[in-house]
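Working through the structure, step by step
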Amino acid sequence: MKLTTMTQVTIDGVMQGNGGASDEDRRNGFERGGWARGKGDDETRTFITQTYQRAEAFLFGRRTYELFAGSWGSIDQTHPIGVALNEAPKYVASTTLTAPRWENTTLLRGDLATAISELKAKPGGELQVHGSGALTRWLLENDLVDEMTLIVIPVILGQGARLFPETGPDLALDLVESRVDSKGVTIQVYRPVGRPRYARA
């Protein structure tokens, strides 16, 4: 399976609390939640829905898993994203989650890199990661991401957890696809290609 990530971020790189509720994620005094709600046009919403629908399986960090389980997994879903999430296998990278309540969920324990490499070796389409910032950073650092989609919302928050920290490993990316919708939301699909090259004196 190809491991792909999809993350909604602001212009200044914030990914925290993007969902529908203003109080979804108040860690570290964050007060500007729900910034992605209602953004994007029908074409962007269709792109996101179709991405979920083509997943063979989903991989989550604990926090995102619990948010999704509490929404998409808690009621009988008829929305195409809910159907995709409820029907596909779900894997959670967590050392603290003990009793996942969402049907068809497997906890990944022990050597995470080996467990994910084994998942990627299975035949199939995509192993998708949505949100899950800490997990996405770890996957990139360990060269496990095949493709990364950033959905950039035209807003600057000035606070909140960012997808990429102030300091961290460097990574070169090839642009696979790019589009901008009628509301100024951009979708950029990248493929990691090793370390960047820097100018020499």
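Figured I'd write up the structure that's included with this text. (Residues numbered from 1 in each chain as written. Predicted model: local features only at pLDDT ≥ 70, side-chain atom pairs only at ≥ 80, totals over all residues. Heavy atoms only, no water.)

**What about the environment of R200?**
Structurally, R200 is set in the segment after β8 (186–192). The sequence separation of R200 and I48 amounts to 152 residues, and the corresponding C-alpha distance is 41 Å. (Helix = DSSP H or I, 4+ residues; strand = E, 2+ residues; numbered from the N terminus.)

**Some remarks on helix α5 (residues 133–141)**
What α5 keeps buried is the set G133, L135, T136, L139 and L140. One face of α5 carries all of its buried residues, which in axial projection span an arc of 160°. A positive phi of about 55° marks D143, the residue just after α5. (Buried < 20%, exposed > 50% of the residue type's maximum accessible area, 1.4 Å probe, protein only. Arc of directions from axis to C-beta.)

**Let's talk about the packing of helix α4 (residues 112–121) against α5**
Between α4 and α5, the least distance of the axes is 12 Å, while the angle of their chain directions is 85°. In this view, α4 runs roughly perpendicular relative to α5, as classed from their interaxial angle. Packed against α4, whose contacting residues are L112, A113 and I116, the element α5 presents L135, W138 and L139 at the interface. Of the residues belonging to the contact of α4 with α5, the class tally is 6 nonpolar, no polar and no charged. (Axes fitted to C-alpha atoms, helices over the stretch in contact; angles between N-to-C directions. Parallel < 35°, antiparallel > 145°, perpendicular 65-115°, else oblique. Contact = heavy atoms within 4.5 Å. Nonpolar A, V, L, I, M, F, W, Y, C, P; charged D, E, K, R; others polar.)

**Quick look at the packing of aromatic side chains**
Tallying each qualifying case throughout the model produces 6 aromatic pairs. Consider the rings of Y65 and W102, whose centres lie 5.8 Å apart with planes at 45°: the pair is tilted. Of this pair, Y65 sits in helix α2 (residues 62–71) while W102 sits in the loop between β3 (90–93) and β4 (105–108), and the two are 37 residues apart along the sequence. An identical accessibility class is assigned to Y65 and W102; each is buried. Following the ring pairs from residue to residue traces out a cluster consisting of Y52, F58, F60, Y65, F68 and W102. Its end group placed over the ring of W102, K90 keeps NZ or CZ at 4.8 Å from the ring centre. (Phe/Tyr/Trp six-rings, centres within 6.5 Å; stacked < 30°, edge-to-face > 60°. Lys NZ or Arg CZ within 6 Å of the ring centre and 35° of its normal.)

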